[in-house]
Amino acid sequence: MNTPGPKNGVVQGWLDGVLALDQKAIRFREVSTFAIDAFYFSTFFGGADATWAPPKDVYIAFDDFVISTSPI
């Protein structure tokens, strides 16, 4: 989260132990009464018809999600 008002929020993401996303200077909120209280994760492969289908079965695995208010 950011301090209410300034753009000092941070979002970071790692892939296989390597920092892959490091966004700083983010303003999530203007007031202290608002906070992030959920994490929504979604993936999508495809389109509106069968022409978007993959040529074979595909799989993906996600694990070790951590959400923290301090460095890990």
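Residues numbered from 1 in each chain as written. Predicted model: local features only at pLDDT ≥ 70, side-chain atom pairs only at ≥ 80, totals over all residues. Heavy atoms only, no water.

An account of the environment of Ile 67 is needed here, citing residue identities and associated values.
Positionally, Ile 67 belongs in the segment after β2 (18-26). Relative accessible area serves as the criterion here: at 64%, Ile 67 is assigned to the exposed category. Sequence spacing of Ile 67 and Ala 38 is 29 residues, and the spatial spacing of their C-alpha atoms is 9.8 Å. (Helix = DSSP H or I, 4+ residues; strand = E, 2+ residues; numbered from the N terminus. Buried < 20%, exposed > 50% of the residue type's maximum accessible area, 1.4 Å probe, protein only.)

Could you give an account of a nonpolar patch on the surface, naming the residues involved and the relevant values?
Residues Phe 39, Phe 41, Ile 60, Phe 62, Phe 65 and Ile 67 make up a contiguous nonpolar surface patch of about 680 Å² in total accessible area. Secondary-structure assignment places Ile 60 in the segment after β2. Given a relative accessible area of 64%, Ile 60 falls into the exposed group. (Patch = residues over 30% accessible without salt bridge, like charges linked within 9 Å, V, L, I, M, F, W, Y side chains within 5 Å. Areas by Shrake-Rupley, 256 points an atom, 1.4 Å probe, with all protein chains shown as cover. Salt bridge = Lys/Arg side-chain N within 4 Å of Asp/Glu carboxyl O.)

Kindly report on the packing of aromatic side chains, identifying the contributing residues and their values.
A ring pair, where both rings are aromatic, is described by two values, the distance of the centres and the angle of the planes. Counted according to the given criterion, the structure contains 5 aromatic pairs. Geometrically, the ring pair formed by Phe 39 and Phe 65 is tilted, given 5.8 Å between the ring centres and 50° between the ring planes. With Phe 39 in the segment after β2 and Phe 65 in the segment after β2, this residue pair connects regions lying 26 residues apart in the sequence. Owing to a relative accessible area of 48%, Phe 65 belongs among the partly exposed residues under this scheme. One aromatic cluster is present, formed by Phe 39, Phe 41, Phe 62 and Phe 65 through successive ring pairs. (Phe/Tyr/Trp six-rings, centres within 6.5 Å; stacked < 30°, edge-to-face > 60°.)

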